[in-house]
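Understanding the architecture of this molecule
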Amino acid sequence: MERATNDKAAASRVPQESAWLSSEGSSDEITGQYREYRRCGGRSNKKHSDTYDSGTSDSEPSESDEESEGDESADDQDSPVSLKDTEVTDGDFDRLVESLRQTDVGSDTSGLLTKVWDFNAEQQDAEFKDDLRAASGVGRVKKKRGRRIGPVLSQQVKSLIGDGNQAYVDNDLKESIRIMLEVIRIEPRAASAWSVLAQCHEDLGEMQKALQLRIMAAHLLHDPELWERLAAQSKQLGYNEQAIYCYRKLYTLDPTNVKALLDRAFIAKEIGDLRTARHSLLTVLKHMPHDLGVLKELRPILIETSDLSTCASLFQSAFEHYQSVFPSGHTIDPESGAPIPGGGFDMMDLFVLADLYNTSTLAQYEKAVQVIKRGCRWLQGRLQQRYWDMCEDDREYDVDPVTMPHYDFVRDGEPRPGMYPLDVNARHRLAVARIKMGDLEEGKMHANIILSEDIMDYAPLFAEIADAYFERELYAEARHIYEQLGADASAAACRRMLGDLREAAEVYHHADHVEVILADPLNNDAKMKLAEIYEVLNEPRKALDLVHQGKYSRNAGLEERSWVYRPNRPDDEQGTPAPGSSLFEEKSRGRTKTAPSKSKSGLTAAQVKALEDQKEREALRAYSRIKDLWPGMMKGDEASEREWLLEAEKLVETFRETRNLFLTTKHNPFQGMFRQRRPSKRSNEAEEDNMASRLQLELESEQLSQKTKDTRGKVNAFRGVSFDEWLQLFMQFAFLLTNRGQYTIAEEVLRHILYSNAYQEPSVKDTIRLAIIACAIRAGQFSVVVEQCRRLINIHQFNNEPFRLLCATLASGLPQTDAFIVSTLQKHILRDLKIHDTAVKNRDALKWNVVSHRWTMASAGSSKTDDGDEGVDDDAAEFVRGASITTTSSDSAKPPYPTTHNPMIVGIYGQICCAAKSYQSAICRAMQRQADNRHHLVAQGLAFLSRYRTLRTNLSPNLLDEVEFNFGRAFQQLGLHSHAARHYEHVLALSEDKRVRHEDIGIAREAAYNLSLIYATTGATPLAQALYQKWLSL
């Protein structure tokens, strides 16, 4: 009874608010009343006006409370929580109400929480009344008292709360639950109703539902201690996501509660939510800077998420902090009196920091050296001896020759070696850093000291030193260490890089080295490396068998992993809360950790950078091997050539598969694998300026601005190899493939790199085209030769060198002749001949075509090309745009006008016409339909023949048969057979004496044959037979 009285008293102290909805009525009536309420601006209708006016409030929310609530809600939204609801409308409380509504389907609360109400109207109405009292001076504005606990309740709600409390006191739990659910239906933000309802479910033994309801009430009470209890209960029941949420709310209400952050981080780490754990621990570090316990918890999380830079920065700051706080290098434990090295920042923390700097991701080897040297000096109590930092070497930690007799490393200069003691693990970090940074003398000195230790005790240190040697391509030193460790695969790799292919194959395949293949049937890496060696050794059968084994084992491994792995294993389901028992989507409490946030490629930015660094090291190693094999390959050594081709193919495919080298904007130079991106949000003015610049550059060829843009971000190397070396590799690779009968692949490679952003300079593209021509000549593909020569002719207009190249590449032979007389080449040269002739006679008749970037005829209209010319003229445009990078004005990209006629083009065109027999004389033209004045053409033709007879007679009077034959052939073409027969008979008469003397009769037989055709067509058959017997018989 006393408890009910207290509950009623507490309820009477809670601010009241009118219930604008009655406890009875259908859902349609409720919806209509709600709409009427909103239409009236938050005022209730006449039916409920009395109950609304009777509600009073003992306390009103202050402005500071409202601001703090707003800040709290904003802070809560920073940390994403995975909820079951799909609509987020009114903060955390409304999200949880919606979640409870969805998870309580089928229970006795079904249908009671089916609406998310908007309470802004009542709050604004109460504030309006307060402002009205203050402005009018009528009435008293009540003093505001801190945070409001719930909304203003109406008398009806108060009465229902009292009835529910009384039913609970009478132990009528079902009635109490029914009444409190009715209260919640009317006013979901009545905190006391949620509390009584939760207590009822707890008394009924429904602990999970009681916990949900208490979380609802906690959103209204804003009590940090309540959130802490709810978090502990959620964790105890296995609701980890819910516990994380409760701890977040607790920290929001009490920002000084570091324990809440730690508990939240530990739970998040347990379920694999590394992002939340990282954020929580970093926040703890803001309250407890440089705390070593927090750093040790945070370190594996940062390493797992590949955030090595943040981890190194935190440990570096802690190192500097402890150095400044404990300059002596130690402190005393107040309880035991024992010294504490570094005040807690001991040697292991130095190793962690040095290892971070030695990673390939950070690659800050100089900092690793400084950390070890300065850290060990500080821990030895010699912090003031900073003069050792002036020494570039590590003489401070040289070994005393007395303690190590075989140590013979001698130093020169001052200061003299300090010979201070140095831990083996610290010296190992120094050795790795020195080797990786290229200081091989110091690195080998430290490495030799470590290698003198027992290999059984320091095997991991030996392996890391060998890896550092291998990375620096010191294969001989690495092989010796790998062999001591029994790492046969790595030792075989070293032997292969040193050129000992047979020994490498034996190491891979030897029966004693079972760890390579026999002990691990799924070791595909070793199999593929052995297959590559067999391929170089010209043993393709063995290589093919290993490849097949690798494919089979890979498929078997995939099947085994797919059988073993099950996302929802029964073992993981043990201890997992039942569905719907938590307000959040709970994750499994197994040991599996979720991966950090990744990009579309499945890798984080740091992982992508580390992968690119690894690929760069592999490319440099492969190119170094290619350079070693190059002399043997050029001499014709078969083994060297095969291995060279194998290594070159890997590099070529690596280059061709890199998307950054083949962008759609070909005329922007290659800017590296990780170029700086422009801001995604720019002002409208910046966008307009950028567009104007691009259009001006495209239409007016503003080379100066393009030069400024391109030279600023241009990169001249890819993965450590310059583009000139890459081009030399491509060309030699294509030449070898062509010699081996694989011209198609060679042409594909060379044509592909023409589209690379790295090779858009005109001179480089000319070189690639010359390489294509060379391969095509070797393979007999003369149509490709003509195509590439035509492209060069278009690019270099008014230049004779491409024409000389065309004639030289098609010197002799039937296939060359067929390619030389193709009609598209004939039209192409005729078009250039006309342009050249017009440029000499009438330059005004030419115009500069901004599309094809060539001089064209002004009357040509559109830039329409003949059949087979598609894409050929585009190369001239690419040449000009590429040349614009290195020029300063648009006119400089235009080729200069010729000043004299070019006999070379006329000669080449004449040769093509003669070879193709496609020339037409005036008489032949007169016989066609297109002739508009045949008499003029016939007269012109005969005038040419007469002039030729005059010139020929003066030079060679004995060759008049040729002149007569030409006249006869002309008259025969015109159908004047009588005139033609007279000239043919004259030819036969001039050759009669030669026939009798059995000398060369010249063209008498041709004349006799043509004359016989005339006789046959005119009916003079006996005369034709006489010619056959006399001149055309053997």
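Residues numbered from 1 in each chain as written. Predicted model: local features only at pLDDT ≥ 70, side-chain atom pairs only at ≥ 80, totals over all residues. Heavy atoms only, no water.

Time to look at the packing of aromatic side chains. If you walk through the whole model with that rule in mind, you get 18 aromatic pairs. With a centroid separation of 5.7 Å and 40 degrees between ring planes, the pair formed by F718 and W726 is classed as tilted. Summarising the burial analysis for this pair, F718 and W726 share the class buried. Each member of the aromatic cluster is reached from another via a ring pair, and the members are F655, F662, F718, F723, W726, F730 and Y759. The residue whose ring lies beneath R995 is W1031, and the NZ or CZ to ring-centre distance is 5.4 Å. (Phe/Tyr/Trp six-rings, centres within 6.5 Å; stacked < 30°, edge-to-face > 60°. Buried < 20%, exposed > 50% of the residue type's maximum accessible area, 1.4 Å probe, protein only. Lys NZ or Arg CZ within 6 Å of the ring centre and 35° of its normal.)

So, on to the UniProt feature "repeat: TPR" (unreviewed entry) in the protein chain. With numbering matched to this structure, UniProt assigns "repeat: TPR" (unreviewed entry) to residues 224–257. Along residues 224–257 the backbone is 82% helical and 0% strand, and the end-to-end C-alpha distance reaches 10 Å. (UniProt positions renumbered as here; feature names shortened; annotations may be inferred. Helix = DSSP H or I, 4+ residues; strand = E, 2+ residues; numbered from the N terminus.)

By the definition in use, this model includes 36 salt bridges. If you follow the salt bridges from partner to partner, you end up with R374, R377, R382, D389 and E396 in one network. (Salt bridge = Lys/Arg side-chain N within 4 Å of Asp/Glu carboxyl O.)

Turning to unusual backbone geometry, a few remarks are in order. For H290, which is not glycine, the phi dihedral falls at a positive 65 degrees. When you line up the elements, H290 lands in the loop between α14 (274–287) and α15 (292–304). You can call H290 partly exposed: its relative accessible area is 24%. Positioned with a positive phi, E473 is a non-glycine residue whose angle comes to about 65 degrees. Within the fold, E473 resides in the loop between α21 (459–471) and α22 (475–485). Taking the relative accessible area as the measure of exposure, E473 reaches 28% and is therefore partly exposed.

For the pair helix α43 (residues 960–974) and helix α44 (residues 977–996), the least separation of the axes is 8 Å and the interaxial angle reads 160 degrees. Judged on the interaxial angle alone, α44 and α43 are roughly antiparallel. Read as a crossing pair, α43 and α44 show a hand that is left-handed. Here α43 contributes L960, D961, E964, F965, F967, G968, R969, F971 and Q972 to the contact with α44, which in turn contributes H977, H979, A980, H983, Y984, H986, V987 and L990. Split into classes, the residues belonging to the contact of α43 with α44 amount to eight nonpolar, six polar and three charged. (Axes fitted to C-alpha atoms, helices over the stretch in contact; angles between N-to-C directions. Parallel < 35°, antiparallel > 145°, perpendicular 65-115°, else oblique. Left-handed = near helix turned anticlockwise from the far one by under 90°. Contact = heavy atoms within 4.5 Å. Nonpolar A, V, L, I, M, F, W, Y, C, P; charged D, E, K, R; others polar.)

Glancing now at the nonpolar core. If you look at the biggest cluster of nonpolar residues, it comprises 62 residues, and the most contacted ones within it are W227, L230 and F345. Those residues within four positions of F345 in sequence are excluded, and the remaining contacts are L292, F315, A318, F319, Y322, L350, W378 and L379. In this structure, I626, W726, F803 and A819 belong to the second largest nonpolar core, which totals 61 residues. (Core = buried A, V, L, I, M, F, W, Y, C linked by side-chain atoms within 4.5 Å.)

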